[in-house]
Amino acid sequence: MIIRILNFPVNYAKKLYIKKSGTNEYELLTNLVIPDSVTSIDEDAFYYCRSLTSVDIGNSVTSIGESAFEGSGLSNITIYDSVTEIGYHAFLDCHSLKSAYVGKGVKELRCGVFSRCYNLESVILSEGLEIINSWTFDSCWELRGLEIPCSVKEIGKFAFEECYFLTDKYVNNSNVK
């Protein structure tokens, strides 16, 4: 099963509503639990869905598409070990995002994954991550410290551009390019 939301203009700040069971009433979707039957979150699935403040990604999700949560109202995100692929800009412009956990399944953080998450303070990167691409954490103004796992072999140019308060980057691998 793939989550896909279609036919929304790309510049429209979406608000998702769900129908209340047994009524003709709708309520604003702010919290989402993605069930274990979902294996992939498609590109642009929750693009600029500002009302979405919390998501629990099921343990069976293996990929998060390009711009899947771009511009959403998420305040924190946990990417479980089952996820092996995160698309470009998946969490770009999530201005409310304060913390992120990236599980062991992710080998590469693509360009712009957390770019312009201005309020991102805390990121936990798991052992197994090998590549942090260019612009991954660009303009994460509140990011203050980051431990880079031993498994990381490459950090792209400008990966931490405009991270003004990032004074401590702990790199545990002398082989990082």
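As shown above, the structure is provided for reference.
Residues numbered from 1 in each chain as written. Predicted model: local features only at pLDDT ≥ 70, side-chain atom pairs only at ≥ 80, totals over all residues. Heavy atoms only, no water.

Enquirer: Please explain the pairing of strand S10 (residues 99–102) as it appears in this structure.
Expert: It is a general feature of regular strands that their side chains alternate between the two faces of the sheet. Where burial is concerned, the two faces of S10 differ: the one with Ala100 and Val102 is buried and the one with Ser99 and Tyr101 is not. In the sheet, strand S8 (residues 76–79) pairs with S10 via four bridges, with the strands oriented parallel. When the bridges of S10 are listed, isoleucine 79 appears paired with valine 102. Pairing of S10 with strand S12 (residues 122–125), which is carried by four bridges, proceeds in the parallel orientation. The partner of tyrosine 101 across the bridge, within S12, is isoleucine 124. (Buried < 20%, exposed > 50% of the residue type's maximum accessible area, 1.4 Å probe, protein only. Helix = DSSP H or I, 4+ residues; strand = E, 2+ residues; numbered from the N terminus. Pairing = 2+ DSSP bridges.)

Enquirer: Sorry if this is basic, but what is going on with the environment of valine 123 here?
Expert: Checked against the element boundaries, valine 123 lands in strand S12. It is 9.8 Å that separates the C-alpha atoms of valine 123 and asparagine 76, two residues lying 47 residues apart in sequence. Beyond its immediate chain neighbours, meaning those up to four positions away, valine 123 contacts Ala100, Phe137, Leu143 and Leu146. (Contact = heavy atoms within 4.5 Å.)

Enquirer: What's the story with the environment of glycine 156 in this structure? I'm lost.
Expert: Here glycine 156 lies in the loop between strand S15 (154–155) and strand S16 (168–171). Each C-alpha atom, one on glycine 156 and one on serine 134, is 4.1 Å from the other, the two residues being 22 residues apart in sequence. The contacts of glycine 156, once residues within four sequence positions are left out, are Ile132, Asn133 and Ser134.

Enquirer: What should I look at first to understand a nonpolar patch on the surface in this one?
Expert: Residues Trp141, Tyr164 and Phe165 make up a contiguous nonpolar surface patch of roughly 330 Å² in combined accessible area. Here tyrosine 164 lies in the loop between S15 and S16. (Patch = residues over 30% accessible without salt bridge, like charges linked within 9 Å, V, L, I, M, F, W, Y side chains within 5 Å. Areas by Shrake-Rupley, 256 points an atom, 1.4 Å probe, with all protein chains shown as cover. Salt bridge = Lys/Arg side-chain N within 4 Å of Asp/Glu carboxyl O.)

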